[in-house]
Protein chains: 2
Amino acid sequence: MALLVVAAVAFDSIKTPHGEAENILGGAATYFSVTASWFAPVRVVAVVGDDFGEEQLRVFQDRGIDTAGLVRAPGKTFRWSGEYSGDMNEARTLETHLNVFQQFSPTLPDSYLDTEFVFLGNIDPVLQLHVRRQLPKARLAALDSMNYWIKGKPEELSQALAEVDILVINETEARMISGVSNLKKAAEVIRKMGPRTLVIKRGEHGAMLFSEGGIFSAPAFPLDQVHDPTGAGDSFAGGFMGHLAKAGELSDAQLRRAVIYGSVMASFAVEEFGLRRLLRLTPQEIEARYRDFKKLTHFDA
Amino acid sequence: MALLVVAAVAFDSIKTPHGEAENILGGAATYFSVTASWFAPVRVVAVVGDDFGEEQLRVFQDRGIDTAGLVRAPGKTFRWSGEYSGDMNEARTLETHLNVFQQFSPTLPDSYLDTEFVFLGNIDPVLQLHVRRQLPKARLAALDSMNYWIKGKPEELSQALAEVDILVINETEARMISGVSNLKKAAEVIRKMGPRTLVIKRGEHGAMLFSEGGIFSAPAFPLDQVHDPTGAGDSFAGGFMGHLAKAGELSDAQLRRAVIYGSVMASFAVEEFGLRRLLRLTPQEIEARYRDFKKLTHFDA
């Protein structure tokens with residue numbers, strides 16, 4: 001099944017204790033698309049500027065990603081620069097330039113209108129709803145958000161939440177949206193706001209799934225070294241949604257497998273700078289790490 | 001198999017956002033003994049003062065715990081007072097009075113000398129080694145420690161570590177002992193210091209096991225409310241060691257099950273103040289929560 005993502009394409013400048021990179025291709029739409037492309041056909045909706053050239057376009061095309069919804073606007077592409085230090089759990093944002101992203105209001109190409117699986121990445125909830133409503137055939141819509149929108153546009157976010165099936169956010173954001181510190185209670189509050197399924201990303205502490213099937217808790221994959229955490233959350237979402245679109249089925253068993261595939265892809269994402277590791281994966285490596293997760297968590301009943 | 005624990009018996013005064021309690025029976029030896037007593041015969045080694053009466057002794061005896069190694073000394077029992085706020089991940093210690101614990105140097109009763117499973121709780125590493133060496137028949141010795149000893153007596157701690165099989169500590173302590181921030185690498189360093197098996201307690205984020213069988217990662221049990229985190233780590237250790245003593249076998253499969261039993265017991269410990277929940281458990285409740293852990297973590301291969 002085709003999987004549509006709307007989010008930002010960006011040029012990132014990143015500094016971590018293990019190195020740095022300037023103006024490399026990034027953004028949630030990019031990490032999500034590349035990751036999900038290992039599982040299902042991906043359709044991307046985003047805006048890029050004059051500085052987005054053939055080289056960048058090829059990254060999407062080489063992964064078979066449908067770029068009919070990639071709009072080119074005059075000006076520069078969204079730019080972000082950030083720095084990680086210490087345990088690298090959180091980036092310190094140095095600069096954000098929205099650039100062409102400021103006037104972004106996507107109208108989907110006709111070829112996208114039959115999409116059944118949708119991921120509304122972390123953008124203005126007004127735009128998320130605008131995209132959601134252009135896709136009446138969507139069987140599954142998931143949404144990501146962040147503190148900026150939770151604080152700045154709570155009503156618009158509530159409206160968007162009311163029209164999605166799954167919310168994928170991090171721990172701090174789950175507490176912020178619900179106003180509740182205990183995660184189990186926070187999940188109950190959020191699941192009454194619209195999304196019947198909630199995925200909470202906890203970085204190095206793994207991920208939790210709250211759904212009709214109860215609670216599922218998965219660890220993060222223990223790595224010798226995290227080189228660059230940029231895009232880990234978006235890669236998680238890409239693996240999670242990618243697996244669901246591939247399975248075409250929304251049972252509890254598939255949701256749980258999707259959380260593991262999300263964790264698998266996030267673990268690859270951070271092993272090298274930018275998209276590097278995600279681009280040179282093999283299906284065999286993905287399946288091997290899935291099996292490693294099984295070994296990591298297995299115990300006898 | 002009998003399981004011996006040496007650690008502190010204390011009177012605790014605790015304040016959490018959900019209530020407070022004054023001078024209630026606590027201490028690592030107490031939490032460990034009571035918890036482990038649900039799995040195996042327990043022998044306790046500790047010192048108490050004049051203020052430790054029949055009422056406190058009965059707590060141990062009602063759980064069938066062997067108190068032949070509970071020494072009574074003139075003076076007051078160890079006292080600790082602490083406060084938890086916010087996410088309750090760490091206690092703020094208000095007062096510590098070592099009292100009779102200052103002159104503690106345990107000589108084990110003859111009836112203890114055939115002990116095969118030993119837990120050297122968080123006390124001076126010199127005492128840990130002193131106890132360890134009185135038990136030549138021990139098949140399995142585990143050790144806990146804390147920042148105070150890691151910083152204050154690193155050489156003595158190294159000596160103790162060289163003579164144990166398992167180290168059970170929390171995340172911060174693992175980083176401190178190894179001098180390495182990455183947990184996987186920290187585990188490699190620690191496993192070269194003596195203990196071939198390392199268990200890292202991560203509070204609300206679960207626990208990890210590093211051993212010959214590879215890495216095992218278990219989540220914490222999601223609870224609606226944590227009433228009092230006091231003794232959670234010691235209850236984890238009690239469930240972990242209790243299961244191993246009961247199983248009498250040290251395979252990877254049993255170590256993994258032990259981590260889950262540790263997590264089960266820690267989850268019960270925090271549900272009510274002090275020892276309350278741990279004292280009125282049933283074997284059925286313990287097994288039911290073990291099965292709940294299976295549901296919480298299961299996904300299809």
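Procedures and definitions
Residues numbered from 1 in each chain as written. Chains lettered and ligands numbered in written order. Predicted model: local features only at pLDDT ≥ 70, side-chain atom pairs only at ≥ 80, totals over all residues. Heavy atoms only, no water. Helix = DSSP H or I, 4+ residues; strand = E, 2+ residues; numbered from the N terminus. Rg over C-alpha atoms; globule rule 2.2 N^0.38 Å. Buried < 20%, exposed > 50% of the residue type's maximum accessible area, 1.4 Å probe, protein only. pLDDT = per-residue confidence, 0-100. Contact = heavy atoms within 4.5 Å. Buried area = accessible area lost by both parts, 1.4 Å probe. Salt bridge = Lys/Arg side-chain N within 4 Å of Asp/Glu carboxyl O. Polar contact = N/O pair within 3.5 Å; in protein donor to acceptor, adjacent residues only side chain to side chain. Pairing = 2+ DSSP bridges. Axes fitted to C-alpha atoms, helices over the stretch in contact; angles between N-to-C directions. Lys, Arg positive; Asp, Glu negative; His and termini not counted. Right-handed = clockwise from strand over helix to strand, strands pointing away. Phe/Tyr/Trp six-rings, centres within 6.5 Å; stacked < 30°, edge-to-face > 60°. Lys NZ or Arg CZ within 6 Å of the ring centre and 35° of its normal. Least-squares fit on C-alpha atoms with pLDDT ≥ 70 in both.

The next point concerns the overall build of chain A. A tally of helices and strands in chain A yields 11 helices and 13 strands. Over its C-alpha atoms chain A spans a radius of gyration of 18 Å, differing by no more than 12% from the 19 Å that the globule rule assigns to 301 residues. C-alpha atoms of chain A, sized along the principal axes, occupy 60 × 40 × 35 Å. Out of the 301 residues belonging to chain A, those deemed buried represent 59%.

Right, let's get into the confidence of the model for chain A. Across chain A, the average pLDDT comes to 96, with 100% of residues at 70 or higher. Prediction confidence for the complex, expressed as pTM and ipTM, is 0.95 and 0.93 respectively.

On to the interface of chain B and chain A, then. The interface is formed by 32 residues belonging to chain B together with 32 residues belonging to chain A. Both sides of the chain B and chain A interface together cover about 3000 Å² of buried area, and 48% of this is carbon and sulfur. Remark: the boundary between chain B and chain A carries 4 salt bridges. Across the pair E204 of chain B and R202 of chain A runs a salt bridge, and its minimum N-O distance is 3.8 Å. Where chain B meets chain A, there are 17 residue pairs in polar contact (both at pLDDT 80 or more). Only α6 (171-178), α7 (183-191), β13 (214-218), α9 (252-269) and α11 (283-297) of chain B provide two or more residues apiece to the side of chain B that touches chain A.

Moving on to the environment of D62 of chain B. Residue and element names in this part refer to chain B. Considering the arrangement of structural elements, one finds D62 in helix α2 (residues 54-62). Here D62 falls in the exposed class, since its relative accessible area comes to 60%. Between the alpha carbons of D62 and A174 there is a distance of 35 Å; along the sequence they are 112 residues apart.

On to the environment of P106 of chain B. All names here are of chain B. Considering the arrangement of structural elements, one finds P106 in the loop between β7 (92-97) and β8 (117-120). Residues P106 and G242, spaced 136 residues apart in sequence, show a C-alpha to C-alpha distance of 22 Å. Every residue in contact with P106, bar those within four places of it in the chain, is listed here: V6, V45, L127, H130, V131 and Q134.

This part covers the sheet that holds strand β8 (residues 117-120) of chain A. Residue and element names in this part refer to chain A. Spatial ordering of the open sheet is given by β5-β4-β1-β8-β9-β10-β11-β12-β13, a layout of 9 strands whose pairing is mixed. The sheet is open, and its two borders are formed by β5 (66-72) and β13 (214-218), each paired with just one other strand. Averaged over all pairs of adjacent strands, the angle between their axes in this sheet comes to 15 degrees, without regard to strand direction. As paired strands, strand β11 (residues 197-201) and strand β12 (residues 207-211) are joined by 4 bridges and run antiparallel to one another. Within the sheet, the bridge partner assigned to K201 lies in β12 and is A207. Of the strands in this sheet, β10 (166-170), β11, β12 and β13 touch helix α7 (residues 183-191), which is tilted by about 45 degrees from β12. Across the sheet, helix α8 (residues 232-247) lies against β1 (3-6), β8, β9 (140-143), β10, β11 and β12, angled at about 165 degrees from β8, the strand it touches most.

Before going further, it helps to spend a moment on the side chain of E173 of chain B. All names here are of chain B. Within the fold, E173 resides in helix α6. K201 is the oppositely charged side chain nearest to the buried, salt-bridge-free E173, at an N-O distance of 5.7 Å. Among residues more than four places away in sequence, those in contact with E173 are D144, S145, M146, N147 and I150.

Residues and elements named next belong to chain B. Side-chain alternation along strand β9 (residues 140-143) places L140 and A142 on one buried face and A141 and L143 on a second face that is also buried. For β8 and β9, the ladder comprises 4 bridges, and the chain directions are parallel. Bridging across to β9, F117 finds its partner in L140. Handedness of the crossover is the feature at issue here: the chain leaves β8, passes through helix α3 (residues 125-132), returns alongside β9, and the resulting connection is right-handed. Of the strand pairs in this sheet, β9 and strand β10 (residues 166-170) are connected by 2 bridges, and their pairing is parallel. Residue L143 lies in a different strand from β10, and its bridge partner there is L167.

Take the packing of aromatic side chains next. Tallying each qualifying case throughout the model produces 22 aromatic pairs over all chains. A ring pair is formed by F52 of chain A and F60 of chain A, whose centres lie 6.3 Å apart and whose planes are at 55 degrees; its orientation type is tilted. The same class applies to F52 of chain A as to F60 of chain A, namely buried. Among the aromatic side chains, those forming a connected cluster through ring pairs are F39, F216, Y261 and Y290 of chain A together with F299 of chain B. Its guanidinium or amino end placed over the ring of F268 of chain A, R289 of chain A lies 4.0 Å from that ring's centre, counting from NZ or CZ. The ring centre of F299 of chain B lies 4.3 Å from the NZ or CZ of K294 of chain A, which sits over that ring.

Bringing the pattern of salt bridges into the picture now. Residues and elements named next belong to chain B. The tally for this structure, following the rule as stated, stands at 38 salt bridges over all chains. Between R280 and E272 there is a salt bridge, and its shortest N-O distance comes to 2.0 Å. Residue class for R280 comes out partly exposed when judged on its relative accessible area of 44%. Overall, the relative accessible area of 18% leaves E272 in the buried class.

Turning our attention to the relation of the copies chain B and chain A. Mapping chain B onto chain A calls for a screw motion: a turn of 180 degrees about the axis and a shift of 0.0 Å along it, with 0.0 Å RMSD after fitting. When the rotation and shift are considered jointly, the pair of chain copies conforms to a two-fold rotation axis. Closest approach to the rotation axis among the C-alpha atoms of chain B is made by H205 of chain B, whose C-alpha sits 3.1 Å away. A share of 100% of the interface residues of chain B reappears at the interface of chain A, consistent with the copies meeting face to face through the same patch.

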